Amino acid sequence: MITTYRNIHYPPETTTIELIAKLLGMYTQATDQNQFMNYLRDFQSKVINEDLMICHKMLGPNFENQLSQLYPLYCKAFGENGDVSEFMTPQAFKTFFAIIGTNGQGIGTSPFAEWVKNVSELKLSNDERVAVESLIDDLYQKMDEKTGLAFLNNEGSALYVTQSKINHSCVPNAVITFPSSDHTLSLLALDDIKCGDEITISYLDDCSVGRSRHSRQKDLMENYLFVCRCPKCEEQINDPDVTSDEEEEEEMDEE
Ligand SMILES: [Zn+2]
C-alpha cells in the first residue's frame, strides 16, 4: 500500500498510511473505544460532507482513480483484523484521508541541525571553533551530495487533539514549533496575548500568508474548507478578487 501511495503522492508519502495504521491500532488497543471514537469525531466534524474535496486536493486530479486503487490495498492490509471491520467501508476509508488532510500537522525535525546548535553553544577556543565549523561545512556538503539538503529533515505528520482546535488567522498571535526536534509540539507567542484573547496560528506557510486576500481565501477554502474572517481579511474585504499570481502577471504585462 505504501509503495502504491508513494507513486501517487508527494513526500512525505508514507505518513498518511502510517497515521491510518496507528489510528486503527489505537482503536483496537483503546481501553475506552467510545472515547477514541469521540476524538475521531472531533477531528472529523467539519469534513463529513466535504471529504471528497480534501481527498481531491491531497491526491491530485486523478483522485477517484487513485482512491479506488488504494482502497483494496487498504482492505487487504488492515481488513484481516476483524476488530476494525467497521473502518473497512469505502466511506470510512475516505474519511481517514479527509481527517488527515485537514488536521494533519507536518513535523520537520533535523537531528543534525540540533547537534550544530548544541555545538555552537559550547565554549571553544578560536582554533577549535574554526575546526568545528569546517567539519560542519564539510558534513553539510557531503549530505547535500548524497541526499540533497531537502532530505536533511525527518519529515512526518501527526494528529494533535488540542492543537487541531486552534483557529487560523492571517495575522496569528502564535506559531507552532518543535523545540526538542521531535514530535513534541509547542506554541510560541508572537505577540502579547491578553487573558480572554483567542490564540491563533497560521495554517498557511510564510509565503502564502503574505499573498493577496483572494489567494489566501482560495487556499484556505481548498485545504481547510472555511472562509477566513480574521482582522486582516476583514480589513482587505474590498480588495479586488485577484490571486497573487494574476497580480504578478499583470505587473509583468505592464513592464
Ligand atoms: Zn484571514
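Let me begin by describing the structure that accompanies this report. Each chain has its residues counted from 1, running along the sequence as written. Thresholds applied to this predicted model are a pLDDT of at least 70 for local features of residues and 80 or more for the giving and counting of side-chain atom pairs; totals over whole chains, interfaces and linings are not thresholded and use all residues. Each side-chain value is derived from all of the structure's non-hydrogen atoms; neither hydrogens nor water enter the calculation.

1. Concerning the overall build of the protein
Here comes step 1: Each helix is a run of DSSP H or I of at least 4 residues and each strand a run of E of at least 2, with the numbering of both proceeding from the N terminus. For the protein, the count of helices and strands is 12 helices and six strands.
Here comes step 2: Only protein chains enter the accessibility calculation, which uses a 1.4 Å probe; a residue whose area is less than 20% of its type maximum is buried, one above 50% is exposed, and one in between is partly exposed. Among the 255 residues that make up the protein, the fraction classed as buried is 35%.
Here comes step 3: Contacts: residue pairs with any heavy atoms within 4.5 Å of one another. The contacts of the protein with a sequence gap of at least 6 include a subset with a gap of at least 24, amounting to 67%.
Here comes step 4: Only the protein chains shown count as cover for residues, with accessible areas throughout obtained via the Shrake-Rupley method and a probe of 1.4 Å. Roughly 15800 Å² of accessible area belongs to the protein as shown, and the carbon and sulfur atoms make up 50% of that amount.

2. Considering the coordination of the zinc ion
Here comes step 1: For Na, K and Ca the donor cut-off is 3.2 Å; for every other metal, N, O and S atoms count as donors within 2.8 Å. Water does not enter the count, which can leave sites looking incomplete. For the zinc ion, every protein donor is listed as Cys170 (SG), Cys228 (SG), Cys230 (SG) and Cys233 (SG), and the spread of their distances is 2.3 to 2.4 Å.
Here comes step 2: Geometry is assigned from donor-metal-donor angles: four donors are tetrahedral when every angle falls between 85 and 135 degrees, four are square planar and six octahedral when opposite donors sit over 155 degrees apart with all other angles between 65 and 115, and any other arrangement is irregular. Taken together, the four donor atoms coordinating the zinc ion span angles of 105 to 114° at the metal, a pattern that classifies the geometry as tetrahedral.
Here comes step 3: Read in sequence order, the donor residues for the zinc ion give the motif C-x57-C-x1-C-x2-C. Taken individually, cysteine 228 and cysteine 233 each receive the classification buried, so the pair is uniform in this respect.

3. Side note on the pattern of salt bridges
Between side chains of opposite charge, pairing is possible as soon as their charged atoms come close.
Here comes step 1: Salt bridges, as used here, are contacts in which a Lys or Arg side-chain nitrogen is within 4 Å of a carboxyl oxygen on Asp or Glu. One pass over the structure, following the stated rule, counts three salt bridges.
Here comes step 2: Between aspartate 138 and lysine 142 there is a salt bridge, and its shortest N-O distance comes to 2.9 Å. Taken together, the positions of aspartate 138 and lysine 142, both in helix 8 (residues 126–147) and four residues apart, correspond to about one turn of that helix.
Here comes step 3: Taking the relative accessible area as the measure of exposure, aspartate 138 reaches 32% and is therefore partly exposed.

4. Concerning a nonpolar patch on the surface
Here comes step 1: Nonpolar side chains (Val, Leu, Ile, Met, Phe, Trp, Tyr) within 5 Å and like charges within 9 Å form the patches, drawn only from residues with over 30% relative accessible area and no salt bridge. A surface patch of nonpolar side chains, about 250 Å² in accessible area, is lined by Val175, Leu188 and Leu190.
Here comes step 2: Mapped onto the secondary structure, leucine 190 falls in the loop between strand 5 (186–189) and strand 6 (200–201).

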